[in-house]
Amino acid sequence: MRTPRMLIIASLATMIAASSVLAATPSTITIHATDTQVTWSDGILGGSNPNDRTTCVYGVSCDTLHLVIAPGDYTGKSLLVEIDWLNPGSDYDMYCFENVVEGPVVGSSTNGAPENTEQVPISLNGVVSSPRTIAIQVVAWAAAPEPMSGVVKVQTAPAARTAIFQNSTDITFSPNVTMYAPGTGRDCEPSIRVDVRGNCYIGGIRGVPGGVDMWRFDLDPTSGTYDPQMRQPFYLGQPDSFAPSDSVGGKDGGGDIDLATGFPDNGTDVPVLSEISLALANISSATSTDRGNNFAHNMAASSVPSDDRQWMEAQGPDTVYMMYRGVAPGTSLFCQRSTDHGLNYSPPTVVSPTGTTPGYIDVDHSNGYVYIAHLSSTSMLVSVSRDAGQTWTTHTVDNSTSHHNLFDVVKVGDDGTVYAVWSDKSSIHMAHSTDHGDSWSPPVTVSGSESQSALFPWLEAGSAGRVMVVWFGSATPNNTDACDWRVYAAFTSDATAQNPHVKIVQVSDHVVHASNISLGGLGVDTPATPQPNRNLCDYFQVAIDPLGAAVIAFTDDHNDFDGNTYASRQLSGPSLYASANGGTGVLAGESPIPLPTPNPGDPQVTDFLHDAGASLQPDPNDNPYDILSIRYGCAVVNAAVQLDVKMKVSGLAPVPPNTFWRSLFAANAPGGTPDRGDDFYLQATTDGSGTPSYTFGQAVRDSNGSYSYNPLGTADAGSMDTGTNTVEVALTLGRLDPYVTHGPGIRAGSTLCGLRGATGTSNANEIHDVTRGAGPMTVCSEVLAVDPPGGVTEFGLSAPRPNPARSGTAFNLYLPRTAWVELGVFDASGRRVRSVQAGLLPAGTTQIRWDGRTDTGHPAPTGAYFVRMLASGQSIRQRLVLVR
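These numbers were taken from a predicted model, which means no experiment stands behind them. (Residues numbered from 1 in each chain as written. Predicted model: local features only at pLDDT ≥ 70, side-chain atom pairs only at ≥ 80, totals over all residues. Heavy atoms only, no water.)

Undergrad: Where do I start with the state of the cysteines in this structure?
TA: A disulfide bridge is the covalent bond that connects two cysteines by way of their sulfur atoms. This model, assessed by the stated rule, comprises three disulfides. Each disulfide pairs two cysteine sulfurs, and for Cys 188 the partner residue is Cys 537, the sulfurs being separated by 2.0 Å. Between Cys 188 and Cys 537 the sulfur-sulfur dihedral comes to about -55°; the bridge is accordingly left-handed. Of this pair, Cys 188 sits in strand S15 (residues 188-194) while Cys 537 sits in the loop between strand S38 (501-506) and strand S39 (541-544), and the two are 349 residues apart along the sequence. Of the two residues examined, Cys 188 and Cys 537, each falls in the buried class. Through a disulfide, Cys 634 is tied to Cys 780; the S-S separation comes to 2.4 Å. Of this pair, Cys 634 sits in strand S45 (residues 627-637) while Cys 780 sits in the loop between strand S55 (777-778) and strand S56 (796-797); the two residues are 146 residues apart in sequence, bridging distant segments of the chain. (Disulfide = S-S within 2.5 Å. Helix = DSSP H or I, 4+ residues; strand = E, 2+ residues; numbered from the N terminus. Buried < 20%, exposed > 50% of the residue type's maximum accessible area, 1.4 Å probe, protein only.)

Undergrad: Would you explain the environment of Thr 39 in this entry?
TA: Summarising the element assignment, Thr 39 is placed in strand S2 (residues 37-42). Take Thr 39: its relative accessible area is 47%, and that puts it in the partly exposed class. Remark: the alpha-carbon pair of Thr 39 and Val 81, spanning 42 residues in sequence, is separated by 9.7 Å. In this view, Thr 39 contacts Pro 26, Ile 29, Gly 150 and Val 151; residues no more than four positions away in its chain are not counted. (Contact = heavy atoms within 4.5 Å.)

Undergrad: It is not clear to me how the environment of Pro 104 should be interpreted in this structure. Could you clarify?
TA: As for its placement among the helices and strands, Pro 104 is situated in the loop between strand S6 (91-98) and strand S7 (105-109). Sequence spacing of Pro 104 and Ala 550 is 446 residues, and the spatial spacing of their C-alpha atoms is 35 Å. If we ignore the near neighbours within four places in the chain, the residues touching Pro 104 are Cys 96, Phe 97, Glu 98, Ser 376, Ser 377 and Thr 378.

Undergrad: Any chance you could explain the side chain of His 510 here in plain terms?
TA: Relative to the helices and strands, His 510 resides in the loop between S38 and S39. What His 510 contacts, discounting residues up to four positions off in sequence, is Asn 176, Arg 486, Asp 556, His 558 and Tyr 566.

Undergrad: I tried to follow the sheet that holds strand S60 (residues 844-850) on my own but got confused; where do I start?
TA: Strands belonging to one sheet form pairs held by backbone hydrogen bonds; the direction of such a pair is parallel or antiparallel. The three strands are arranged S56-S57-S60 in an open sheet whose pairing can be described as antiparallel. Two strands bound the open sheet, and with one partner strand each, they are S56 and S60. One ladder, built from seven bridges, connects strand S57 (residues 809-815) with S60; its direction is antiparallel. Each residue of the ladder has a partner; that of Tyr 814, found in S60, is Thr 845. (Pairing = 2+ DSSP bridges.)

Undergrad: Teacher, can you tell me more about the pattern of salt bridges here?
TA: Side chains bearing opposite charge may pair, as long as their charged atoms lie close to each other. Applying the stated rule across the entire model yields 25 salt bridges. A salt bridge links Asp 557 to Arg 701, with the shortest nitrogen-to-oxygen separation between them at 3.6 Å. Here Asp 557 is found in the loop between strand S40 (550-556) and strand S41 (564-572), whereas its partner Arg 701 is found in strand S49 (residues 692-701), with 144 residues between them in sequence. With a relative accessible area of 1%, Asp 557 lands in the buried category. Under the relative-accessibility criterion, Arg 701 is labelled buried at 15%. Among the ionic pairs, Asp 644 bridges to Lys 646, the shortest N-O distance being 2.5 Å. Asp 644 gets classed as buried once you look at its relative accessible area, which sits at 10%. Owing to a relative accessible area of 36%, Lys 646 belongs among the partly exposed residues under this scheme. (Salt bridge = Lys/Arg side-chain N within 4 Å of Asp/Glu carboxyl O.)

Rendered as structure tokens:
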């Protein structure tokens, strides 16, 4: 299978096929718990296409033996399936499937010549209650006419490995921060990389064809803008935009995303950033040589169409490997190599022809070996290439647990140890290899009692034995809406020990998801077959920063309509680098700094200007659908407390027909998770003539992650003010009492969360807007704590300097108190050019710079622009001229 010379025997195989058929003798064997071994023989001669196992000719170049494992007690026992031959120049491969060929893969062994044996372990170590059949397919790629013998051995099972769980109070993580992007209510499946200069990149998907969003943090400890608490995400826009136009609806991607960063040969070069995303029928790729400020884009990077589950990793300054699955549910995995940072790729090589699902890819940077994990429902395998991705050998990592639980991941430590991690739905398991993937240790469970369900594992490996594993964990099974999911991490510094010491810490500072989690990918949701919740999408990742701290990006929908990207960085405890902190192997440590608290007098919900859209294209004009802010307040009317909600849009005149403006909130929600409380909404609606009505109702999260809305009655008051562009709805809180089921009635002093809004027309394909979630807030708390003014008494935005500007300019933002601030650059027609800032800023003066580029990284052309700051419900703008 490994060299072109093997094809020369094809004609010989054809002649043999015409004259005789050779079969396994016997064709079926049975092994019992009391046996020591059983044998068989075969005389196939070779001639298969080395790129396609399925083209072999049975009885000529391949054959199948059926191994029946008889019922019995195999406790303490395992099986080893082995084939042997005399001539090391021959090349046989062995594939083991459950029940029949092309069934779930149990294991494989595909070494190349010179060799004279292949082995596949099969884990048992328990009672087999009914006969189990393993279909063993042997393929001859280049075999001399010689006998091949096979044997199934009953062996003593390897000693089980058990983790020693330790106190983890020395490990702390920063408060979780979220990232914002205009025009989307979703950014999930985050990929994260920290390059050797400390540039931390995080990318999330909107879904095809919405494209992907990317941000950058500064985690360089020598930098003047070092951000260890991860408070200043710099939005890099959408690298898969259709250049050069920024006005085309949709992007070239939005499916699974992955990132890679290069390893420069010297200490001054900026590492190249590479990105790939799944497009409608191909893979979109983009590369940047200037920290994500500009991207070169390839709309179709893969050679095999209709691909899926693409992953990537870099080697050296400019080499990138990309792997993916063919036509789903295809039979092969492919790998392509790029020498221009991941923009263009060489023709593909076949990694595995067994119909498995891609797990992940990594590269040993000391020797260039490439490792690719893949899996079936019953096993995990790792393929390795020692010749820059040209040829591959495959070995079995594990078949002792269930697999196919998104995803089985492989990573390489600095000492060359290869690690694999996977979920069997209830626990997270890890194994390792010290011989480049040829053989694997027994697994060890690294999750604990905190996770009755444990899903979406990922890992990162540093110095010898130092590994960090992350996952979503719930204390209840993943089959009900009662699950409360949190992000967990497990650290070990002796991962290869028989009994590794493991510290488990909760990374998320809240419940990130309150429902089940889908493990089936995309599915059609119908009343007869409701789909599980996919708001968390399918994976999240962990990376290592220059100090050896773990940096984690994960999906979180606890307060939003859909999943969005959050991040957290390890602040103290053991480092993934043994050399850290003067050789102590421990981070210097710093205390978590609480997130800034918005002033309760400000609008709780704020949103981007001009991000309401239709057909993936935002409207650049002020319009009635474009939410800017929502203020949840109260009023006392006839001694009754009313919840008074004011939604501000960018333009309300004229009031459009057949439109809704909806504001949501939840009470009695433990942990600030709306799905666990009583969810309600207030809504203004216009009919076909533009006449408004004002109602209230219940909001219910459906099984697939969407919301349904059940009207309850007419609100107490409402208005539409076209002068202030405000939609107002009021409701006496006592009217909600009959519908409150999770706690006391909502009154003054009650805590609300899940504050968010949506607008739209009755036609879902027309213009609409959604906001991100906010809260908690206290109902009718009119005595508000205000941050120290820091010398600033009112909100303000300075004139840009320089102005006119050639390549960029800077602004001073003045805030009398902490506030959520959006700073955007717009062209003369009102179209958004760049989102410069979106997040909480402290009281005082903050200087922010615009580099003169658009959200897609292109230089903005000469012309007049205006800069607009939205803060605390106020809008301030300055004019700017750009001269190229």
